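Chain by chain, the residues:
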Amino acid sequence: MHFLDQAKIFIRSGQGGPGAVSFRREKYEEYGGPNGGNGGKGGDIIFEAVAGLNTLIDFRYTQHFKAQRGHGGAGSNRTGAGGEDLVIKVPVGTQVLDDDRETVLLDLTEVGQQVVLLRGGDGGRGNASYKTSTNRAPRQHGPGWPGEEMYVWLRLKLLADAGLVGLPNAGKSTFINQITNTKAKVGEYAFTTLRPQLGVVWHRNREFVLADIPGLIEGAADGAGIGDRFLGHIERCRVLIHLIDIHSETDPTEAMHIVEGELEAYGSGLDEKPRLIALNKIDLVDAELVKAFSKELIAAGADKVYPISGATGKGMDALMDAVLGYLPQATITERPTGQVEDGDDEKPWSPI
């Protein structure tokens, strides 16, 4: 399945059905009067967040969505049938933006969440509703109110509890393959990862989602490399894991500052999120070098450094223990109906 996190679509709600012009014609009812019914309401445009989707690829091939119009009224004061609502199913974490790509109209973050974005037009009035004491046989009727239409952008921000950041070739793909069942591509060249990867981590009877995004380089916020497009997928993370390659030509302290600078330049609060500094690939160097670089990183501003090896799994338990400290009492994967913060899952009192 191809990954697509942005799409532009056209949506239109249904037009209301026209009212009817009709008169009662029965035996012995010479002056039966008007009995034209009202038209039916047009269908709404509804967005629904559903589980099991993590891409907007379907909207590359279907880009126009139009709800059904309402049916016309009929005689005997019969109201026309309403048009069927059109439900557009999107992945959890999808935002619906105005055509300017800045105004957020909807933010769908929970499974099953449904929001009406465009309301269908009301049905037109039948001639029965125009009857007055001075207008006993009206022949006018309402044509039905038009629906609403607009172009919108869909932007997917994956829901993950923790996110991986780092320079290219920091070992993020190897890291996520080690602790999840994800089969991310691993290569010895920059930007092996071209799209975000999601994996589910099982650790100490807990379960949470980990996101890996393509590597950042200096100037990513200005479009260098793959740019900062995929940073939106870690905006919802509670904690970030910053992988630093101890075996790289780039000094670990410099690598830390580069990524921190790009997170700050991107904004949206990424630079304020808790970050766990993980010194990766310690299996390729000696212990003395690990200690020396760890001290340098702490002196440069890191609260604590976790020496790990994504290839062998060494040091992973300590790092995952630290991640658990930032998670809610129940993550979205542990409780599909929604995350539960501490103390929020108390059941109401019942005598049964």
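Residue indices follow the written sequence of each chain, beginning from 1 at its first position. Given that this is a predicted model, residues contribute local features only at a pLDDT of at least 70 and side-chain atom pairs are listed and counted only at 80 or more, while totals for whole chains, interfaces and linings are drawn from all residues. In computing side-chain properties, one takes all heavy atoms of the structure into account and sets aside hydrogens as well as water.

1. Section: the overall build of the chain
And then number 1: Secondary structure elements follow DSSP: runs of H or I no shorter than four residues count as helices, runs of E no shorter than two count as strands, and numbering proceeds from the N terminus. When its secondary structure is counted, the chain shows five helices and 14 strands.
And then number 2: Buried, partly exposed and exposed residues are distinguished by accessible area as a fraction of the type maximum, computed with a 1.4 Å probe on protein chains only: under 20%, between the cut-offs, and over 50%, respectively. Residues classed as buried in the chain amount to 46% of the 352 residues present.
And then number 3: Areas reported as accessible are Shrake-Rupley estimates using a 1.4 Å probe. Residue values count occlusion only from the protein chains shown. Counting every atom, the chain has about 18,200 Å² of accessible surface; 47% of that belongs to carbon and sulfur.

2. Focus: unusual backbone geometry
And then number 1: Phi is positive for N77, which is not a glycine, with a value near 55 degrees.
And then number 2: Along the polypeptide, N77 turns up in the loop between β3 (64-66) and β4 (86-91).
And then number 3: Look at N169: it is not a glycine, yet its phi comes out positive at around 65 degrees.
And then number 4: Given a relative accessible area of 33%, N169 falls into the partly exposed group.

3. So, the sheet that holds strand β5 (residues 94-97)
And then number 1: Read across the open sheet, the five strands follow the order β3-β1-β8-β5-β6; overall the sheet is mixed. In this open sheet, the two strands that pair with only one neighbour each are β3 and β6 (104-108). When the angles between neighbouring strand axes are averaged without regard to direction, this sheet yields 25 degrees.
And then number 2: Strands are labelled as partners when DSSP assigns at least two bridges between them. Here strand β1 (residues 6-12) pairs with strand β8 (residues 149-156) via seven bridges, running antiparallel. Paired with R12 across the bridge in β8 is E149. Every axis corresponds to a line fitted to the C-alpha atoms, with the helix fit spanning only the stretch in contact, and the corresponding angles, defined between N-to-C directions, vary from 0 to 180 degrees.

4. Description of a negative patch on the surface
And then number 1: Together, E218, D251, E254 and E296 make up a negatively charged patch on the protein surface.
And then number 2: Within the element layout of this structure, E218 appears in the loop between β11 (206-212) and β12 (239-245). Excluding any residue in a salt bridge, patches collect residues exceeding 30% relative accessible area, merging like charges within 9 Å and nonpolar Val, Leu, Ile, Met, Phe, Trp and Tyr side chains within 5 Å. Whenever a carboxyl oxygen of Asp or Glu lies within 4 Å of a side-chain nitrogen of Lys or Arg, that contact is scored as a salt bridge. Only four residue types enter the tally: Lys and Arg on the positive side, Asp and Glu on the negative side; His and the chain ends are excluded. Each charge is placed at NZ for Lys, CZ for Arg, CG for Asp and CD for Glu.

5. Comments concerning the packing of helix α2 (residues 172-179) against helix α5 (residues 316-324)
Two quantities define a packed helix pair, namely the angle between the axes and the distance from one axis to the other.
And then number 1: Packing of α2 against α5 leaves a shortest axis separation of 12 Å and a crossing angle of 85 degrees. On the basis of their axis angle, the class for α2 and α5 is roughly perpendicular. When α2 is examined against α5, the residues F175, Q178 and I179 are found in contact with a partner set consisting of M316, L319 and M320.
And then number 2: Tallied by class, the residues present in the contact of α2 with α5 amount to five nonpolar, one polar and no charged. With respect to orientation, any angle under 35 degrees is reported as roughly parallel, any angle over 145 as roughly antiparallel, any angle of 65 to 115 as roughly perpendicular, and every other angle as oblique. By the convention used here, residues are in contact when the closest approach between their heavy atoms is within 4.5 Å. Polarity classes work like this: nonpolar for Ala, Val, Leu, Ile, Met, Phe, Trp, Tyr, Cys and Pro, charged for Asp, Glu, Lys and Arg, and polar for all others, with Gly in that last group.

6. Some points on the packing of aromatic side chains
And then number 1: Pairing of aromatic rings covers Phe, Tyr and Trp, the last through its six-membered ring, and needs centres within 6.5 Å; plane angles under 30 degrees mean stacked, over 60 mean edge-to-face, and all others mean tilted. As enumerated under the stated definition, the model contains two aromatic pairs in all.
And then number 2: As a reminder, the over-ring test applies to NZ of lysine and CZ of arginine, requiring each to be within 6 Å of the ring centre and within 35 degrees of the ring normal. Here the guanidinium or amino end of R125 rests over the ring plane of Y130, the centre of that ring lying 4.1 Å away.

7. Some remarks on the nonpolar core
And then number 1: By nonpolar core we mean a set of buried residues, namely Ala, Val, Leu, Ile, Met, Phe, Trp, Tyr and Cys, connected to one another through side-chain atoms within 4.5 Å. Counting 52 residues, the largest nonpolar core has I11, F47 and F59 as the members making the most contacts within it.
And then number 2: With 23 residues, the next largest nonpolar core counts A170, L276, L324 and L327 among its residues.

8. Examining the side chain of S294
And then number 1: By secondary structure assignment, the location of S294 is in helix α4 (residues 287-299).
And then number 2: Overall, the relative accessible area of 12% leaves S294 in the buried class.

9. Section: the pattern of salt bridges
And then number 1: Inspection of the entire model under this criterion finds 10 salt bridges.
And then number 2: A salt bridge links E149 to R12, with the shortest nitrogen-to-oxygen separation between them at 2.9 Å. Residue E149 is located in strand β8, and its partner R12 is located in strand β1; the two are separated by 137 residues in the primary sequence.
And then number 3: Here K41 and D44 are joined by a salt bridge, their closest N and O atoms 2.6 Å apart.

10. Focus: α2
And then number 1: Listed as buried for α2 are K172, S173, F175, I176 and I179. The buried residues of α2 all sit within an arc of 160 degrees when viewed along its axis, so they share a single face.
And then number 2: On the buried face of α2, the contacting elements are β9 (162-165), β10 (197-203), β11, β12 and α5. The directions considered for the arc are those from the helix axis to the C-beta atoms.

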